[in-house]
Structures are given as structure tokens and as C-alpha cells.
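Below are the chains, spelled out letter by letter.
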Amino acid sequence: MSPNMEVFYVKPLNLCVVPCFALALAFALPALAETPQEDIQKELKQMRRQMADQLQRMQQVQDRLERVEQENVLLRKQTNQNWLTERRAEEVKTLIREVLSDAETRASLLDEDLNAGWNNGFFLASPDGSFYMRIMGMIQVRYTHSWQDDSAVTLGDDASPDDSRGGFGITRTRFGFKGHIVDPSWQFLLWSGYNCEGEAVVLDAHITKNFEGPLSLTAGQFKLPFQYEYLVSETRLQFIERTLVAGEFCGTYTQGLKLTYQDEILRLVGSINDGASTINTTWHTRLNEGLALTGRAAWKLTGNWKDYADWEGFPGQDMLVVLAGAVHWEQDEYGTDDDKEVETFRWTVDGSLEIAGANLFAAVVGSHLDTDEGPSTDQIA
């Protein structure tokens, strides 16, 4: 070998980039179905096996890095050339420390038996099952086109015909969390999102205590337990929208307390609340100054209650028949001479039928408004 010849030996490094399962799973869009405990346990066992494989790969990477460092030492001695600078050596040491740190972190998560993953939706849970959270979401995109003969749109001083209009819109954007805290008897639900104009809105925000037996108590903001058509979630509607009758009489959301009794045949709900359509209002708002009472009763003749949460009669589903009715009374108490105190009474009767591949729903709604001045108003639909 010539004394002026410099020998360089570089061995390629193949580093395995370990996928971070927890981060990839955090961006998955979950569904709303309940996860069986047996499926969750099976998923967790599979995750632990995958974590063990990753730890083994980390150990292999560590061994390869150590061999590379030893080969570099031999090359320096053989060539008597200090070709590996101090900065290069520090980079290799830093890489080794990062790989070892990542392996220790994953081992720590495995030792703590962290419960997280994807099983019909993304979930997080404590090892003992005391805390559980499911992440949910929904996006509804709609295209609408309208034709109207002999229409006109005024643009400044000019009137131009515009018989055809159409466009896309994001009708609903929803996201939320549900689960339990402390133990499965303490359940929570937070359901929020944006409307078609991009305005943020909080919908469901309540916590429920399930007592031993058929009773449960809910506190917070929830749907007024009045009209079944509105009580069905927007994620489970059969058509793209509810009827105009539901929009007029349903009462949307309210704030208060709700006591529920449910067994194999009956579901009874009683609520004391701020009144119809008092969503996201403060205690001192004029709409909240009165008193409102709402009650709903449902009688299941046959079928399963879980099928009553949607409209469809899926193939293979047991026949479901439910008869129900509800009443709502509220007394507004504005307390000023300029505002009339209005007493409202609403009632509804409805029936649901779901069989394999078909369903039928019918309802009648009535409303009576009485003021301290002027005639009363009655409506029925």
C-alpha cells in the first residue's frame, strides 16, 4: 500500500423506522357502534405482540450500530487516519441514544398495558377499565340544484333571470367523545361541530349516572325528550333531513335534569328543564326564567331497544314495534310589562314498525299557546 494512499471503508446502515401506531390511529375516523369487550381484549393482545416485535427490532438495530462503531475503530487503527471527525462520532452516539430511548419508551408502554387502538372506532382506556373514551365524527356534504321558471335576481340596478341555481354545501360537521369515568356507571357525551355556515355549536354536553337497576339520571344539555323523529341521531337518519313538522315542534335542545327508567318493555323519561329550544343559553337569559316539564313514554311490543335508535329495518333484523307518546309544558316568566308571559303545552303520539328490509313511522303532534293577553293559539300536525 502506498504511504500516500488513504483507505475509506463505509458500511451502509439500514435503520428500521418503527411506525408509531398510537399517532397513526389517533387520526382514524371512528364509527358510533358500541365495541364488545371480547373484541377489545383480542385487539389488545394483538397490539402487545406487535409491540414485542418492535422491541426485538430495536435490539437488532442497537447491535448493528455497536458493530458499526467497532468497525470504525478498526479502520482508524489500520489506516492510521483519523477520518471520523469528532462531530461524526457525536452524531452516531446521538442516534444510538435516540434509538435506545424510543425502545425504552415502547417497553414502558407495554409494561403499563396501555389500552388504545382501533376496534370499530378509535378508543383510549385505562388498564383496569375505569376510564374509557371513544372518539367520533361525521361530515355530511350535499349538492343541491333548484330550477324555477320566470325567476329573477337583482344585481345592483339590473335584474337578470336566474332560473337555475346549484352548489355544494357542508351541511353538518360533527365530532365528539363519549365513554365513562371512574367506573362504567358514570357515562359522558360531548357532541359538537359546525353548521353549514362554519359557525361552531355545542350540541350534547351531559353526564349520566346509571344506578343499579333500570334507573339513570342525566344532567347537562341534551335533546328535549319529546318528539321521536328528532331524538334519532343525525348520524342514523334514513333520509337526508327530518320533516318540517319535526323542525317546528321538536324543541331541539334544552338544559336541565332527565330521569330515565328502562326495562325490557317500557322506557319512561321525565325531565325538568329550561324549556324548548334553549340550547347554549345562560341561567339569566329571559328564555330560562320560567319552568318546563317534559315526559315521554315508549312501549315496546316486540323487538330490541337497540334497533329503536335508528329508522331502518335491516335485513335479518327482528321485527320491532313501538308505541309512544310525550307531553311538554312550560311557563315563561319574563317579569316585564312589555313581554307577555306565554304558557305552552305540546303533545305527540307516534308509532314505529321495523321489519326485515322495510320500516314505517307515523306521528301526530299538537300545540297550545296561551298568553296573559290576547287569544290562545292551537296547532295540530
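Computed from a prediction, not measured in an experiment: that's the story for all the values here.

Parameters and conventions
Residues numbered from 1 in each chain as written. Predicted model: local features only at pLDDT ≥ 70, side-chain atom pairs only at ≥ 80, totals over all residues. Heavy atoms only, no water. Helix = DSSP H or I, 4+ residues; strand = E, 2+ residues; numbered from the N terminus. Buried < 20%, exposed > 50% of the residue type's maximum accessible area, 1.4 Å probe, protein only. Contact = heavy atoms within 4.5 Å. Core = buried A, V, L, I, M, F, W, Y, C linked by side-chain atoms within 4.5 Å. Polar contact = N/O pair within 3.5 Å; in protein donor to acceptor, adjacent residues only side chain to side chain. Salt bridge = Lys/Arg side-chain N within 4 Å of Asp/Glu carboxyl O. pLDDT = per-residue confidence, 0-100. Patch = residues over 30% accessible without salt bridge, like charges linked within 9 Å, V, L, I, M, F, W, Y side chains within 5 Å. Areas by Shrake-Rupley, 256 points an atom, 1.4 Å probe, with all protein chains shown as cover. Phe/Tyr/Trp six-rings, centres within 6.5 Å; stacked < 30°, edge-to-face > 60°. Lys NZ or Arg CZ within 6 Å of the ring centre and 35° of its normal. Pairing = 2+ DSSP bridges.

## Considerations on the overall build of the chain
So, step 1. If you tally the helices and strands in the chain, you get 5 helices and 16 strands.
So, step 2. For the chain, the residues scored as buried account for 32% of the 381 residues in total.
So, step 3. By sequence separation, contacts in the chain at least 24 residues apart represent 57% of the contacts at least 6 residues apart.

## A few points about the nonpolar core
So, step 1. Within the largest apolar cluster, 10 residues are counted, these being Tyr228, Val232, Leu237, Ala298, Trp305, Tyr308, Trp311, Leu320, Val322 and Ala324.
So, step 2. What Leu237 contacts, discounting residues up to four positions off in sequence, is Arg172, Val232, Arg242, Trp311 and Glu312.

## Focus on the side chain of Arg174
So, step 1. One can find Arg174 in strand S6 (residues 164-180).
So, step 2. Separated by 3.0 Å, the side chains of Arg174 and Glu234 make a polar contact.
So, step 3. With residues up to four places along the chain from it excluded, the contact list for Arg174 reads Gly137, Met138, Trp191, Ser192, Gly193, Tyr194, Leu203 and Glu234.

## A closer look at the environment of His206
So, step 1. With respect to the helices and strands, the residue His206 is situated in strand S8 (residues 200-210).
So, step 2. For His206, a relative accessible area of 16% gives the class buried.
So, step 3. Counting along the chain gives 50 residues from His206 to Gly256, while the straight-line C-alpha distance between them is 9.5 Å.
So, step 4. Not counting residues within four places of it along the chain, the set of residues in contact with His206 comprises Gln187, Phe188, Leu189, Thr218, Ala219, Gly220, Gln221 and Phe222.

## Comments concerning the pattern of salt bridges
So, step 1. Under the defined criterion, the tally for this structure stands at 5 salt bridges.
So, step 2. Of the charged contacts, one joins Glu234 and Arg174 as a salt bridge, the two residues approaching to 3.0 Å between their closest N and O atoms. Remark: Arg174 occurs in strand S6 and Glu234 occurs in the loop between helix H4 (228-231) and helix H5 (244-249); sequence separation between them is 60 residues.
So, step 3. The residue Lys223 makes a salt bridge to Glu234 at a minimum N-O spacing of 4.0 Å. Pair noted here: Lys223 is in strand S9 (residues 215-223) and Glu234 is in the loop between H4 and H5, with a separation of 11 residues, a long-range link. Of the two residues, Lys223 and Glu234, neither departs from the other in class, the shared state being buried.

## Some remarks on the confidence of the model for the chain
So, step 1. Considering every residue of the chain, the mean pLDDT works out to 80; 77% of them sit at 70 or more.
So, step 2. Contacts for the low-pLDDT stretch residues 1-34, under 50 throughout, to residues beyond four places or in other chains number 49 contacts.

## Considering a nonpolar patch on the surface
So, step 1. A contiguous nonpolar patch, built from Phe211, Leu215, Leu217, Leu257, Leu259, Ile272, Leu291 and Leu293 and spanning about 650 Å² of accessible area, is present on the exposed surface.
So, step 2. Taken together, the elements giving at least two residues each to the nonpolar patch come down to S9, strand S10 (253-262) and strand S12 (291-302).
So, step 3. Assignment of secondary structure puts Leu217 in strand S9.
So, step 4. With relative accessibility at 34%, the residue Leu217 sits in the partly exposed group.

## A closer look at the packing of aromatic side chains
So, step 1. Evaluation of the coordinates by the stated rule reveals 9 aromatic pairs.
So, step 2. Between the aromatic rings of Phe123 and Tyr132, the centroid separation amounts to 6.2 Å while the plane-to-plane angle is 20°, which identifies the pairing as stacked. The exposure classification of Phe123 matches that of Tyr132, with both residues buried.
So, step 3. An angle of 65° between the planes, with centres 5.2 Å apart, marks the rings of Tyr228 and Trp311 as edge-to-face. Residue Tyr228 is found in helix H4, and its partner Trp311 is found in the loop between S12 and strand S13 (320-331); the two are separated by 83 residues along the sequence. Across the pair, Trp311 and Tyr228 agree in class, each one buried.
So, step 4. Grouping aromatic residues by their ring pairs yields a cluster made of Tyr228, Trp305, Tyr308, Trp311 and Phe361.
So, step 5. Over the aromatic face of Tyr230 sits the side chain of Lys223, whose NZ or CZ is 4.9 Å from the ring centroid.

## Things to note about unusual backbone geometry
In terms of backbone geometry, most residues other than glycine have negative phi values and most peptide bonds are trans.
So, step 1. A positive phi is found at Thr252, a non-glycine position, where the angle reads about 45°.
So, step 2. One can find Thr252 in the loop between H5 and S10.
So, step 3. Residue Ser277 is not a glycine yet carries a positive backbone phi of 55°.
So, step 4. Mapping Ser277 onto the fold places it in the loop between strand S11 (266-273) and S12.

## Let's talk about the pairing of strand S14 (residues 342-355)
So, step 1. Two elements, S13 and S14, share 12 bridges in a ladder whose sense is antiparallel. Residue pairing for S14: Trp329 is matched across the bridge by Phe345.
So, step 2. Inspection of the sheet shows S14 paired to strand S15 (residues 358-371) by 14 bridges, in the antiparallel sense. Bridge pairing in S15 links Glu343 to Asp370.
So, step 3. Between S14 and S15, which pair antiparallel one after the other, the connecting turn spans 2 residues, and Gly357 there sits at a positive phi close to 90°.

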